[in-house]
Each structure stands twice: as C-alpha cells, then as structure tokens.
Protein chains: 2
Amino acid sequence: MRSPSGREIPDEIDPILEELVRGIIGQVADKWTMLILEVLEEHGTLRFTQIGKLTGGISQKMLTQTLRQMERDGFVQRTVYPVIPPKVEYNLTELGRSLGAAFCAVWEWAAARHADIEAARKAFEERNGKA
Amino acid sequence: MRSPSGREIPDEIDPILEELVRGIIGQVADKWTMLILEVLEEHGTLRFTQIGKLTGGISQKMLTQTLRQMERDGFVQRTVYPVIPPKVEYNLTELGRSLGAAFCAVWEWAAARHADIEAARKAFEERNGKA
DNA sequence: ATTTATACGCACCAAAAGGAGAGTGACTGT
DNA sequence: ACAGTCACTCTCCTTTTGGTGCGTATAAAT
C-alpha cells in the first residue's frame, strides 16, 4: 500500500509495538528530555547541578525525574562517586546518542518547514479569528 | 563541533527557532495527533465520526481539539459541506504528509531499538527495584 | 409529532503534571 | 561551633489536561 505522497506506509502495524513506540516517542518528545539530550550531546559528561544550569529553568524535581527516566530507558549512564559531598556524573549511552540522531530528522523537518506552519497559522487566524 | 558519536551537532542554535521547533515537536508527538495522522495517511479522506471510530477511544472533545490544531498548523484540510445533517471531511495536506515522513525515522528507530529499551528497563528494575 | 443523524460547543469535574521550598546526611573549610 | 556543598527527597500547591454528558440546528425518515 502507498500513501498519496508515494512513500511507503506499513500495511498492518503490530498494535503492541505501536503502543510501545508511541510511549517511547511520547517520553522522548518531552520538553526536558530533549533539552537534557542536547546538553549531554554538547558537553559530554556532566554532573547534576551542571545539567540543571545548562538546561536553564528546570526544577530539581523535574531534573531528577527526567534523568531517572532516561537512565531507566538506557539513554544515560549514571555514575555515583561515594564521596562527600556526593558526586554523580551523567553521560549519554550509545542508545541515547542514536536517539538524538533519529530525532534529527524531525528537527530538520521542523526547521525547514516552520515558515509554512507559521504561514498556515496566520491564514487560519485570518479566516477564523475575526470572522 | 562534533559530538562523541561523530555526528554533527549545530554549534549555536537560534533560541527562537529552538523554542518554535520544540513546540511543534511537542504538539506533533501528542498521542492523538499521531494517531490521526496515521489514519488519515491510511484512509485518505475521512469525516469526523469516521476518524473517531478509526482512532478508537478518543473523546469528541479531544478529536475536535486535535483536528483544529492540525488544521491551524496546516497539516489537515477541513472541508465543510453545507448540508443537513452536517458533513465535514478531513484530509492531509502536503505539509501533513511530509510531517509523517519526517517522523518515520523516529518510528523506525523506536521499532529497531525498543528491545534495547526494554532490556534497559528490566536491568534497571533489577538494580533498583528490590535493592 | 417524534425520532435520527452529524459535527460540534460548553460547563463541570477528576486526575495528572509540574513548580516552590524546606529538609537530609556527612564531611570540609573557617 | 557552624556554615557550605551536593544530590537528592518530601510535602504542599497551582496549573494543565482530558473525560463526561448535555445542548443545538435542521431536514429527512417514520
């Protein structure tokens, strides 16, 4: 089967896989996850507070939560040094890096097409905003 | 600048573009948006209630809301036939189809790597679940 | 006269997400 | 003795999200 655009669309999608994939995308597309992914890609290995500063505006709660999720999913590696005061380092795993690479396409699409989207929004407003 | 993975990372990202792109991805990665994108790709032109049935489990409120958003952003075209009872048809625009294509990479990544993710989750549970 | 069908809008409510700020444990520097 | 550091955790509190059910217009069908 082919879509009107001509590109291939899987005929039947395994619903279990679909559910799982959707879940993953949902998490990954999360605001903080993407930001953290970016800063870790740029800076390599970082510790907790550094990530917090570099992402900017994230609360400690969200930082911990997001980092835990990413660790759980195998995107980041968490290294604890048993010193005092505590020291914990975070860095991307290969899986995490491959995720960033996969999302690059969406990034590029959004960068290439955002003008079209904004134009569509303007047109929409004009049609429905004041009418 | 290059990431440890060797793939190119944009050096400086325009924060305005970044914000916009993040917003778009956030919306698009939404559960219902993705589902509707899929059914419209598969079935071409559909009307309101048909989309509701095919997506399965969506409330009318969310269906309307998501569809409006997609129309606003230029992903779907909405055609109203002034008949009674009302008839409204929806179909993807070229922009909508290109969006689906862009997300394909993420889909494929998730499909290819979901086993790794599940393994990571299991390992994580074993480390932290009972310990 | 009443029911049915369609594509919604609106008001209300429950659940979830997320922010703010205080507390913790143990050592180190003053 | 006492404040400072780090990586959290815990408890409120507010905001957001999403579901449910009701209302609506109008013509055709019963």
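This write-up is about the structure you can find in this document. These numbers were taken from a predicted model, which means no experiment stands behind them.

### Considerations on the sheet that holds strand E3 (residues 87-92) of chain A
All names here are of chain A.
And then number 1: As summarised here, the arrangement of the three strands in space is E1-E3-E2, forming an open sheet in which the pairing is antiparallel. Two strands close off the open sheet at either side, each with one partner strand: strand E1 (46-47) and strand E2 (76-81).
And then number 2: Examined bridge by bridge, E2 and E3 share six bridges and lie antiparallel to one another. Bridged to Val 80 within E3 is Val 88.

### A closer look at the protein's contact with DNA strand C
And then number 1: Taken together, 18 residues lie around DNA strand C, and Lys61(A), Met62(A), Gln60(B), Pro86(B) and Tyr90(B) are the ones closest in.
And then number 2: Here DNA strand C approaches the protein such that, of its atoms within 4 Å, sugar and phosphate make up 65%.
And then number 3: At a separation of 2.6 Å, a base oxygen of DNA strand C approaches a polar side-chain atom of Lys61(A).
And then number 4: Contact between DNA strand C and Arg68(B): a phosphate oxygen at 2.8 Å from a side-chain N or O atom of the residue.
And then number 5: Of all the secondary structure elements, the ones that give two or more residues to the surface near DNA strand C are helix H4 (60-72) of chain A together with helix H3 (48-55), helix H4 (60-72) and strand E3 (87-92) of chain B.

### Some words on the packing of aromatic side chains
And then number 1: Tallied over the full model, the rule gives three aromatic pairs over all chains.
And then number 2: On the numbers, 6.3 Å between centres and 80 degrees between planes, the contact of Phe103(A) with Phe103(B) is edge-to-face. Here Phe103(A), found in helix H5 (residues 94-128), pairs with Phe103(B), found in helix H5 (residues 94-128), and the two come from separate chains.
And then number 3: By relative accessible area, which is 5% here, Phe103(B) ends up buried.
And then number 4: Note that Lys87(A) overlies the ring of Tyr81(A), its terminal NZ or CZ placed 5.1 Å from the centroid.

### Section: the packing of H5(A) against H5(B)
And then number 1: Between H5(A) and H5(B), whose axes approach to 10 Å, the crossing angle comes to 175 degrees. Taken together, the axes of H5(A) and H5(B) are roughly antiparallel relative to one another. Of the residues in H5(B), those in contact with Glu94(A), Leu95(A), Ser98(A), Leu99(A), Ala102(A), Phe103(A), Ala105(A), Val106(A), Trp109(A), Arg113(A), Asp116(A) and Ile117(A) of H5(A) are Glu94(B), Leu95(B), Ser98(B), Leu99(B), Ala102(B), Phe103(B), Ala105(B), Val106(B), Trp109(B), Arg113(B), Asp116(B) and Ile117(B).
And then number 2: Residue composition of the contact of H5(A) with H5(B), grouped by class: 16 nonpolar, two polar and six charged.

### Notes on the protein's contact with DNA strand D
And then number 1: Surveying the vicinity of DNA strand D reveals 17 residues, the closest of which are Arg47(A), Gln60(A), Arg78(A), Tyr90(A) and Lys61(B).
And then number 2: Contacts to DNA strand D include Tyr90(A), whose side-chain N or O atom sits 2.6 Å from a phosphate oxygen.
And then number 3: Of all the secondary-structure elements, those providing two or more residues to the surface near DNA strand D are helix H3 (48-55), H4 and E3 of chain A together with H4 of chain B.
And then number 4: In terms of residue class, the surface near DNA strand D is built from eight nonpolar, four polar and five charged.

### Structural notes on the environment of Ser98(B)
And then number 1: With respect to the secondary-structure elements, Ser98(B) resides in helix H5.
And then number 2: The exposure class of Ser98(B) is buried, given its relative accessible area of 15%.
And then number 3: Among all residues touching Ser98(B), those that are not within four sequence positions of it are Trp109(A) and Arg113(A).

Cut-offs applied
- Residues numbered from 1 in each chain as written.
- Chains lettered and ligands numbered in written order.
- Predicted model: local features only at pLDDT ≥ 70, side-chain atom pairs only at ≥ 80, totals over all residues.
- Heavy atoms only, no water.
- Pairing = 2+ DSSP bridges.
- Helix = DSSP H or I, 4+ residues; strand = E, 2+ residues; numbered from the N terminus.
- Near = heavy atom within 4 Å.
- Polar contact = N/O pair within 3.5 Å; in protein donor to acceptor, adjacent residues only side chain to side chain.
- Phe/Tyr/Trp six-rings, centres within 6.5 Å; stacked < 30°, edge-to-face > 60°.
- Buried < 20%, exposed > 50% of the residue type's maximum accessible area, 1.4 Å probe, protein only.
- Lys NZ or Arg CZ within 6 Å of the ring centre and 35° of its normal.
- Axes fitted to C-alpha atoms, helices over the stretch in contact; angles between N-to-C directions.
- Parallel < 35°, antiparallel > 145°, perpendicular 65-115°, else oblique.
- Contact = heavy atoms within 4.5 Å.
- Nonpolar A, V, L, I, M, F, W, Y, C, P; charged D, E, K, R; others polar.

Keep in mind these values describe shape, not function.
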